[in-house]
Amino acid sequence: MSGAKVKCGVPRSQGQEAAFSRVDLVALMAVLALLVCMQLPALAHNKGNSHRAVCADNLRRLALSWLMYADDNRGRLAPNCPDCFTNNWVAGWLDFTGGSDNTNLALIARAKLYPYNNAVEIYHCPDDLSAVRGQLRVRSYSMNAYLGDGTIGWSAGFQTITNRSQIRQPDQTFVFIEEHPDSINDGFFAVDMSSGSAARIVDFPAAYHYYGANLGFADGSAQYRRWLDSRTSPIRLNFGAPSPNNPDLVWLQRISTCRK
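Quick caveat, the model's predicted, so the values are computed rather than measured.

Cut-off values and rules
Residues numbered from 1 in each chain as written. Predicted model: local features only at pLDDT ≥ 70, side-chain atom pairs only at ≥ 80, totals over all residues. Heavy atoms only, no water. Salt bridge = Lys/Arg side-chain N within 4 Å of Asp/Glu carboxyl O. Helix = DSSP H or I, 4+ residues; strand = E, 2+ residues; numbered from the N terminus. Buried < 20%, exposed > 50% of the residue type's maximum accessible area, 1.4 Å probe, protein only. Pairing = 2+ DSSP bridges. Contact = heavy atoms within 4.5 Å. Axes fitted to C-alpha atoms, helices over the stretch in contact; angles between N-to-C directions. Polar contact = N/O pair within 3.5 Å; in protein donor to acceptor, adjacent residues only side chain to side chain. Core = buried A, V, L, I, M, F, W, Y, C linked by side-chain atoms within 4.5 Å. Phe/Tyr/Trp six-rings, centres within 6.5 Å; stacked < 30°, edge-to-face > 60°.

Some details on the pattern of salt bridges
Moving on, step 1. Following the criterion strictly, the structure yields 6 salt bridges and no others.
Moving on, step 2. Asp71 is the salt-bridge partner of Arg164, the closest N and O atoms lying 2.8 Å from each other. Separated by 93 residues along the polypeptide, Arg164 in the loop between strand 3 (141–144) and strand 4 (174–178) and Asp71 in helix 2 (residues 22–72) bring together distant segments of the chain.
Moving on, step 3. The exposure class of Asp71 is exposed, given its relative accessible area of 52%.

Section: the sheet that holds strand 4
Moving on, step 1. The sheet built from 5 strands is open, its strands ordered 5-3-4-6-7 with mixed pairing. Unpaired on one side and paired on the other, strand 5 (188–189) and strand 7 (222–226) mark the two borders of the sheet.
Moving on, step 2. Judged from the 3 bridges that link them, strand 4 and strand 6 (residues 212–217) form a sheet pairing that is antiparallel. From the neighbouring strand, Phe174 faces strand 6, where its bridge partner is Phe217.
Moving on, step 3. Packing of helix 4 (residues 247–254) onto the sheet brings it into contact with strand 4, strand 6 and strand 7, and relative to strand 7 it is tilted by some 160°.

Some remarks on the side chain of Asn214
Moving on, step 1. Positionally, Asn214 belongs in strand 6.
Moving on, step 2. Within polar-contact distance, the side chain of Asn214 engages the backbone oxygen of Arg52 at 3.2 Å.
Moving on, step 3. Aside from chain neighbours lying at most four places away, what touches Asn214 is Arg52, Cys55, Ala56, Leu59, Ile177, Glu178, His209, Gln223 and Tyr224.

Considerations on the nonpolar core
Moving on, step 1. Grouped together as the largest cluster of nonpolar side chains are 31 residues, with contacts concentrated most on Leu62, Trp66, Trp89, Leu113, Tyr123, Val175 and Phe176.
Moving on, step 2. Among the elements of the structure, helix 2, strand 3 and strand 4 are those that each provide at least two residues to this core.
Moving on, step 3. Per-element tally for this core: the top contributor is helix 2, with 7 residues.
Moving on, step 4. In this structure, Phe158, Phe189, Leu215 and Ile255 belong to the second largest nonpolar core, which totals 19 residues.

What to know about helix 4
Moving on, step 1. Of the residues making up helix 4, those classed as buried are Asp248, Leu249, Trp251, Leu252 and Gln253.
Moving on, step 2. Where helix 4 is buried, its residues touch strand 4, strand 6 and strand 7.
Moving on, step 3. Two or three places before Asp248, at the opening of helix 4, Asn246 has a side-chain oxygen 2.9 Å from that residue's backbone nitrogen.

Overview of the pairing of strand 3
Moving on, step 1. Bridge count between strand 3 and strand 4: 3 bridges; the pairing is antiparallel. Along strand 4, the bridge assignment pairs Ser142 with Ile177.
Moving on, step 2. One ladder, built from 2 bridges, connects strand 3 with strand 5; its direction is parallel. Within strand 5, the position partnered with Asn144 by the bridge is Phe189.

Overview of the environment of Arg168
Moving on, step 1. Counting through the fold element by element, Arg168 comes out in the loop between strand 3 and strand 4.
Moving on, step 2. Residue classification places Arg168 among the exposed positions, given a relative accessible area of 66%.
Moving on, step 3. Setting aside anything within four residues of it in sequence, one finds Arg168 in contact with Cys258 and Arg259.

Topic: the pairing of strand 7
Moving on, step 1. Where strand 6 meets strand 7, 5 bridges bridge the pair, whose relative direction is antiparallel. What sits directly across from Gly212, in strand 7, is Arg226.
Moving on, step 2. Hairpin connection from strand 6 to strand 7: 4 residues lie between these consecutive antiparallel strands, with Gly220 at a positive phi of about 90°.

Digging into the packing of aromatic side chains
Moving on, step 1. On inspection of all chains with the given rule, the structure shows 6 aromatic pairs.
Moving on, step 2. For the ring pair Tyr69 and Tyr116, a centre distance of 6.2 Å and an interplane angle of 75° mean the geometry is edge-to-face. In this pair, Tyr69 sits in helix 2 while Tyr116 sits in the loop between helix 3 (105–109) and strand 1 (131–132), placing the two residues 47 residues apart along the sequence.
Moving on, step 3. The interplanar angle of 80° and the centroid separation of 6.3 Å between the aromatic rings of Phe174 and Phe189 together place this pair among those described as edge-to-face. Here the residue Phe174 occupies a position in strand 4, and Phe189 occupies one in strand 5, the gap between them amounting to 15 residues.
Moving on, step 4. Classification of Phe174 as buried rests on a relative accessible area of 0%.

Here it is, written out as structure tokens:
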């Protein structure tokens, strides 16, 4: 037997070649960081879609509650009065002055639709981050001013609907809409039916979802609308300003009511 020693394992020089160098690690980390950055927009998009879906489901549940109320009251629609804060589909006045109505969930629980779905969270869109005193406000939605027991509508000469039987096209008549956080106050969403140079936006819709909003309809469905005109839901509201030739306003007029 030879006295020569058998060399076992991998030579040191070969092991050094197999290991990661500092440059290799830096390059790998850079590639991983790039991949993460590429995925962030997709993750944000998925989150936005998820919130939009939750919001749409909220409006479907509110619309179904509204339908059940009518069924229990011989077709009479839930009250929708801008000056009624007790006998109404929802109670409370929202603003940014610090009033307790902004965060008072009890006002929702005492209103007319709550018994049909005992969930205060369905009155709030998850993308609505408007807050008072560090707390999220309790409501993101308002009701079509031309629908409801005791409603006053807005424009003269147009139908106010107090009974479900009066609705001609339930799938083309909106009941609930997301309202702009600077516009929302009572639960009453007014659409001015004027045309031409007199056309204007009275209450502004929200644009939480990719410059669009969800609406709940009289057949119990929900629909997403992406706004086409920058005047429809601007960052800074200009109440009473004319909005002629605004396709979004024309669309809202079409799904609000009809002439008497």
